[in-house]
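# Descriptive structure summary
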Amino acid sequence: MVLKIRWFRGQWLHITMARVVLYVVMIIMVCFTALPLVYLVNTAFKPLDELYLYPPTFFVKNPTAQNFGDLLTSLSSSSVPFTRYIFNSVVVTTCIVICTVIVSSMGAYSLVKLKPPGGEALFNLILVALMFSAHVTKIPSYMVVNGLGLINTYAALILPNIAVAYNIFLMKQFMEQYPTELLEAARIDGAGELRIFLQMVMPGLKPATATLIVFSFVNNWNDYFSPLIYVTSQTMKTLPLALQTISTGSTSRAGATAAAAFIMTVPTVIIFTIMQGQVMETMTYSGIKG
């Protein structure tokens, strides 16, 4: 059964029963996937009495912003305001994302296109590094950071998280698909390696760069373990570490906890929504499955 509908500018839209069923199933799956996010938003605006209803309600009946006020009260003090934690997180995450894109892109370009001596051994070392959890390397990283006298500084939070093995691996997989003939033609025309990298390679790596930005932002925005190790000063704490101090067992802090979860989730959702098209293109062409 085919249904024909006259569409935009006189075009005919052919609708089959199989396509209708497919769209209905996809819409149901999308709605089901979005349920946790919808519940998170509703919980952040629930008053205290609704938070402890049994059985719990999914949607908020009397929305309030009091939870965010309780969060500010819980985390603010006379010496360290709540905005300081946000500032620290924004500065650290932004610097890590920018530096990661530069280092990973240049590293992948040199390994794939310049083929330096020992490049294969270096890439094998990167693959070996993928086998270890990030928490395993925290002890030697702390020893290096402490030896350099960087404890309680932004450098301690930024430098250890720039050169990540997975990020270089991701960029290398995508870099291998960039046509080498174009680079050779540019070299024949007299272009230098830096100019080739900035004006030819980087514009062609937009999907991979967008994916790297999303991954790096999510990992570092939600990271509280690194600040827990490298930071002892209250003024240098990031937002995730500060939010960990909220007691979930206290009745008066339940609303603040819900507001904190909302604040931590919204930026990651926004970043992914903006760059989701580029991320999907990277997953398609780089051979990486989500």
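Just so it is clear, the model here is predicted, and its values are computed rather than measured.

### Side note on unusual backbone geometry
One non-glycine residue, K115, lies in positive phi territory at about 50°. Following the sequence through the fold, K115 ends up in the loop between α4 (82–114) and α5 (119–129). Under the relative-accessibility criterion, K115 is labelled exposed at 63%.

### Considering the side chain of N88
As for its position among the elements, N88 is in helix α4. A residue is classified by how much of its surface remains accessible, and N88, at 0% relative accessible area, is buried. Apart from residues lying up to four places away in sequence, N88 is in contact with Y154, T235, M236, K237 and T238.

### Looking at the packing of aromatic side chains
As enumerated under the stated definition, the model contains nine aromatic pairs in all. Ring geometry for F45 versus F68: centroids 5.3 Å apart, planes at 50°, classification tilted. Here F45 is found in the loop between α1 (17–44) and α2 (48–51), whereas its partner F68 is found in helix α3 (residues 66–75), with 23 residues between them in sequence. Connected via pairs of aromatic rings, a cluster forms that spans Y39, F58 and F59. We note K172 situated over the ring of F123; from NZ or CZ to the ring centre the distance is 4.0 Å.

### Some thoughts on the packing of α5 against helix α8 (residues 165–175)
Contact pair α5 / α8: the axes reach a minimum separation of 9 Å and the direction vectors enclose 125°. In terms of axis orientation, α5 runs oblique to α8. As for the relative orientation of α5 and α8, their crossing is left-handed in sense. The residues of α8 that touch α5, namely those facing F123, I126, L127 and A129, are A165, I168, F169 and K172.

Cut-off values and rules
Every residue gets a number counted from 1 within its own chain, in the order that chain's sequence is written. For this predicted model, a pLDDT threshold of at least 70 governs which residues receive local features, and a threshold of 80 or more governs which side-chain atom pairs are given and counted, while totals over whole chains, interfaces and linings are taken from all residues. Hydrogens are left out, water is left out, and the side-chain values use all remaining heavy atoms of the structure. Only DSSP runs of H or I reaching four residues or more are called helices, and only runs of E reaching two or more are called strands; each is numbered from the N terminus. Think of it in three bands: with a 1.4 Å probe and only protein chains considered, a residue is buried below 20% of the maximum accessible area for its type, exposed above 50%, and partly exposed in between. Here, two residues are considered to be in contact whenever any of their heavy atoms come within 4.5 Å of each other. Here a pair means two rings of Phe, Tyr or Trp (six-membered ring of Trp) with centres within 6.5 Å. Their orientation is stacked below 30 degrees between planes, edge-to-face above 60, and tilted elsewhere. Either the NZ atom of lysine or the CZ atom of arginine qualifies as a charge over a ring when it sits within 6 Å of the ring centre and within 35 degrees of the ring normal. For helices, the axis comes from a line fit to the C-alpha atoms of the stretch in contact; other axes are also lines fit to C-alpha atoms, and the angle between any two N-to-C directions lies between 0 and 180 degrees. If an angle is under 35 degrees, it is roughly parallel; if it is over 145, roughly antiparallel; if it lies from 65 to 115, roughly perpendicular; otherwise it is oblique. Note on convention: near helix rotated counterclockwise from far helix by under a right angle means a left-handed crossing. Clockwise means right-handed.

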